[in-house]
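Results of the structural survey
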Amino acid sequence: MTRRMMMIAAVIFSIADAPMLAIAQSQPAQAQAPQLINGEVTKIDAEAGKLTIKHGPIKKFDMDGMTMVFRAQDPAMLKAVKAGDKVRFDLEKIQGQFTVTKIEKAK
Ligand SMILES: [Cu+2]
């Protein structure tokens, strides 16, 4: 009986902990405000779904400023910007490819 009660208590506690865990996990995500990278679009290749950006240093990938080709996560991005535009963008490595996940014109 006592053992059974303890097991029930353990289940209740694990349920009660769940929302707290969710809160704890969401906090680091909030602290990581998207740090956009500065760059300038030098070329759009809509057919390949790629764009070339002359970018500033990218800390998270330990990169200095350079010009490189990126995959666009969303083809709409390739219409939203054009060669010569100063932009701010975010980058992720998706399936081994540097992929622009967000891009906006710099003001
Ligand atoms: Cu680079």
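Residues numbered from 1 in each chain as written. Predicted model: local features only at pLDDT ≥ 70, side-chain atom pairs only at ≥ 80, totals over all residues.

**Quick look at the sheet that holds strand β5 (residues 97-105)**
The strands making up a sheet associate through hydrogen bonds between their backbones, and the pairing can be parallel or antiparallel. Cut-off, in case you're wondering: In this scheme, strands are said to pair when DSSP sees at least two bridges between them. Each helix corresponds to a stretch of at least 4 residues labelled H or I by DSSP, and each strand to a stretch of at least 2 residues labelled E; elements are numbered beginning at the N terminus. Fitted lines through C-alpha atoms give the axes, limited to the stretch in contact for helices. The angle between two N-to-C directions lies from 0 to 180 degrees.
Within the closed barrel, the 5 strands sit side by side as β1-β2-β3-β5-β4. Their pairing is mixed. With direction set aside, neighbouring strand axes in the sheet form an average angle of 55 degrees. For strand β2 (residues 50-55) and strand β3 (residues 66-72), the ladder comprises 6 bridges, and the chain directions are antiparallel. When the bridges of β3 are listed, Lys50 appears paired with Arg71.

**Looking at the environment of Pro57**
Here is the rule we go by: With C-beta atoms placed from the backbone, a residue counts as buried when 20 or more other C-beta atoms lie within 10 Å of its own, as exposed when 12 or fewer do, and as partly exposed for counts between those limits. Note on contacts: each residue gets a C-beta atom placed from the backbone, and two residues are in contact if those atoms are within 7 Å.
For Pro57, the location among the structural elements is in the loop between β2 and β3. On the basis of neighbour counts, which here come to 12 C-beta atoms within 10 Å, the residue Pro57 falls in the exposed class. Considering only alpha carbons, one finds Pro57 and Ile37, 20 residues apart in sequence, at a separation of 7.6 Å. Excluding residues within four positions of it along the chain, Pro57 makes contact with Met63, Asp64 and Gly65.

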